[in-house]
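# Structure assessment
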Amino acid sequence: MTSKFHWPLDFPSRWTFLSMRLVIGIGFIAHGLAKWTRGPEKFALLLQQVGVPFPLPIAWLSTLLEVFGGAALVVGALVTLVSVPLIISMVVAIITVQGRYGFSSVNTIGLAPSGPIFGPPGYEINLLYIAGLLALAVSEPTALSVDSLVDHRTD
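Residues numbered from 1 in each chain as written. Predicted model: local features only at pLDDT ≥ 70, side-chain atom pairs only at ≥ 80, totals over all residues. Heavy atoms only, no water.

### Comments concerning the overall build of the protein
Formally: Helical segments are the DSSP runs of H or I of at least four residues, strand segments are the runs of E of at least two, and each set is numbered from the N terminus. The buried label applies to any residue whose accessible area, calculated with a 1.4 Å probe on protein chains only, is under 20% of its type's maximum; exposed applies above 50%, and partly exposed to all values in between. Should any heavy atoms of two residues lie within 4.5 Å, those residues are considered in contact. Residue exposure ignores everything except the shown protein chains as possible cover, and the areas themselves are Shrake-Rupley values with a 1.4 Å probe.
Of regular secondary structure, the protein possesses 6 helices and 2 strands. Overall, the protein shows an N-to-C arrangement of helices and strands of α-α-α-α-β-β-α-α. The buried share of the protein, reckoned over its 155 residues, is 35%. Within the protein, counting contacts between residues at least 6 apart in sequence, those at least 24 apart form 61% of the total. Surface exposure of the protein reaches about 9300 Å², of which carbon and sulfur atoms provide 73%.

### Some details on helix α5 (residues 124-138)
For clarity, the cut-off: For a helix, the expected span equals 1.5 Å multiplied by the residue count minus one.
Along its 15 residues, α5 runs 22 Å from first to last C-alpha, staying within 8% of the 21 Å computed at 1.5 Å per residue. If you check which residues of α5 are buried, you get Asn126, Tyr129, Ile130, Gly132, Leu133, Leu136 and Ala137.

### Section: the packing of aromatic side chains
Just so we agree on the cut-off: Each aromatic pair joins two rings of Phe, Tyr and Trp (for Trp, the six-membered one) with centres within 6.5 Å, and gets the label stacked for planes under 30 degrees apart, edge-to-face for over 60, and tilted for any other angle. By the criterion adopted, a ring carries a charge over it if an Arg CZ or a Lys NZ lies within 6 Å of its centre and within 35 degrees of its normal.
The full count for this structure, using the stated rule, is 4 aromatic pairs. Between Trp36 and Trp60, the aromatic rings sit 6.4 Å apart at their centres with planes inclined by 75°, giving edge-to-face as the arrangement. With Trp36 in helix α1 (residues 11-38) and Trp60 in helix α3 (residues 55-75), this residue pair connects regions lying 24 residues apart in the sequence. Through pairs of rings, three or more aromatic residues link up here, namely Trp36, Trp60 and Phe68. Against the face of Phe43 rests Lys35, its NZ or CZ located 4.9 Å from the ring centre.

### Here's the deal with the side chain of Glu66
Following the sequence through the fold, Glu66 ends up in helix α3. Look past the residues within four positions of Glu66 in its chain and what remains in contact with it is Phe28, Ile29, His31, Gly32, Lys35 and Leu86.

See the structure below:
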């Protein structure tokens, strides 16, 4: 059994990708828990309004995917496998919801005495998630990950 880790060349990327993995994982968990606590039924109403077929099953599927996929990313388990459905969910979100609002994730549509008024977010954040997931999916297992503990590939 030979380790794929080559000190010191792999050290920076393994730790840099760790922070990316944690931020992306926590982001998915946060979005999934928001759907879960409000009730996937409410998210299903949004999906129905934009014409997604089978809105309630899709709402549950995306909620569970975000919570458990995000958790898998946080612990670094099956990162490449988990990245695929998460990327697909981001592409679907762009096509069905965010795409119509343009690129920017912060759309200021007005100004009130209390501060700016924000409109619906564009697809910028989705693209950042996709880019990060792609980078994680094709990289070696990151530091402090379950995948690095079970990665027994030879050189």
